[in-house]
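Each chain is listed here by its residues.
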Amino acid sequence: MFFAVIKIKQQLYRLCLENINQRIAHIESAMELAGSSINEETKSSAGDKYETAREMMTQEIEKNRLQLSEAIKQKQLLLQLQPDKLTEEIQPGSVVQTNLGNFYIAISVGRLEVEEKTYMAISPASPIGLLFIDKTKGTSISFNGKNYRIEEVS
């Protein structure tokens, strides 16, 4: 049982890490593309059109920069987790089984499939994540009109 639970936690951790690494790579390539577009833009006789296009690309780069910063913060939080550690109280890195579904408290990734079970990877800072933190097996939380009974914590 112990090794099976650790294996699931390690797989969930790996899937979250792959997801955040892909997100970072996607944002970086979008920034690179926008940066090269700015550099390739040549000033035409229609100066306003050139300036508008350049400003839009600059805004896109800034938006991507903010997304990249957030993704890097999420990765740093993820790297602090210990996927081979079992816990009795829910904390970042915990797997939580409830009467209404399974959760992995890590980063917001959404649905993950591991060993034919679905887990929702959620941030501990999310509204439901905040309700789960420090709870133990046998306790309940109420979220969006639903009552989640905590059946297992690992």
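Criteria and thresholds
Residues numbered from 1 in each chain as written. Predicted model: local features only at pLDDT ≥ 70, side-chain atom pairs only at ≥ 80, totals over all residues. Heavy atoms only, no water. Phe/Tyr/Trp six-rings, centres within 6.5 Å; stacked < 30°, edge-to-face > 60°. Helix = DSSP H or I, 4+ residues; strand = E, 2+ residues; numbered from the N terminus. Buried < 20%, exposed > 50% of the residue type's maximum accessible area, 1.4 Å probe, protein only. Pairing = 2+ DSSP bridges. Salt bridge = Lys/Arg side-chain N within 4 Å of Asp/Glu carboxyl O. Core = buried A, V, L, I, M, F, W, Y, C linked by side-chain atoms within 4.5 Å. Contact = heavy atoms within 4.5 Å.

Draft legend 1. A look at the packing of aromatic side chains. For the coordinates displayed, the defined rule picks out three aromatic pairs. An angle of 55° between the planes, with centres 5.0 Å apart, marks the rings of Phe-103 and Phe-132 as tilted. Highlighted residues: Phe-103 in strand S2 (residues 101-105) and Phe-132 in helix H3 (residues 127-132), separated in sequence by 29 residues. Exposure remark for Phe-103: the relative accessible area of 7% places this residue in the buried category.

Draft legend 2. Spotlight on the environment of Glu-60. The topology assignment puts Glu-60 in helix H2 (residues 47-79). You can call Glu-60 partly exposed: its relative accessible area is 33%. C-alpha of Glu-60 to C-alpha of Lys-135: the two residues are 75 residues apart in sequence and 41 Å apart in space.

Draft legend 3. Here's a closer look at the pairing of strand S3 (residues 110-114). Where S3 lies against strand S4 (residues 117-122), five bridges are found, and the strand directions are antiparallel. Bridging across to S4, Val-114 finds its partner in Lys-117. The hairpin turn running from S3 into S4, its antiparallel successor, is two residues long, and Glu-115 in that turn takes a positive phi close to 50°.

Draft legend 4. Just the pattern of salt bridges, in detail. Scanning the entire structure with this criterion turns up six salt bridges. Residue Glu-115 pairs with Lys-7 through a salt bridge whose shortest N-O separation is 3.6 Å. With Glu-115 in the loop between S3 and S4 and Lys-7 in helix H1 (residues 2-40), this residue pair connects regions lying 108 residues apart in the sequence. Residue Glu-115 is classed as partly exposed on the basis of its relative accessible area, which comes to 45%. Judged by relative accessible area, Lys-7 falls into the partly exposed class, the value being 44%. Note that Arg-149 is salt-bridged to Glu-151, the shortest N-O span being 3.0 Å.

Draft legend 5. Main features of the nonpolar core. Ranked by size, the top nonpolar core spans 20 residues in total, and within it Leu-12, Cys-16, Leu-78 and Tyr-104 carry the most contacts. Those elements that place two or more of their residues in this core are H1, H2, S3 and S4. Per-element tally for this core: the top contributor is H1, with eight residues. Here Cys-16 is in contact with Leu-78, Tyr-104, Ala-106, Ile-107, Val-109, Leu-112 and Ala-121, once residues within four sequence places are set aside.

Draft legend 6. Highlighting the pairing of S2. Taken across its five residues, S2 has four buried, putting it largely inside the fold. Pairing of strand S1 (residues 95-98) with S2, which is carried by four bridges, proceeds in the antiparallel orientation. Each residue of the ladder has a partner; that of Thr-98, found in S2, is Gly-101. Count of turn residues in the S1/S2 antiparallel hairpin: two residues.

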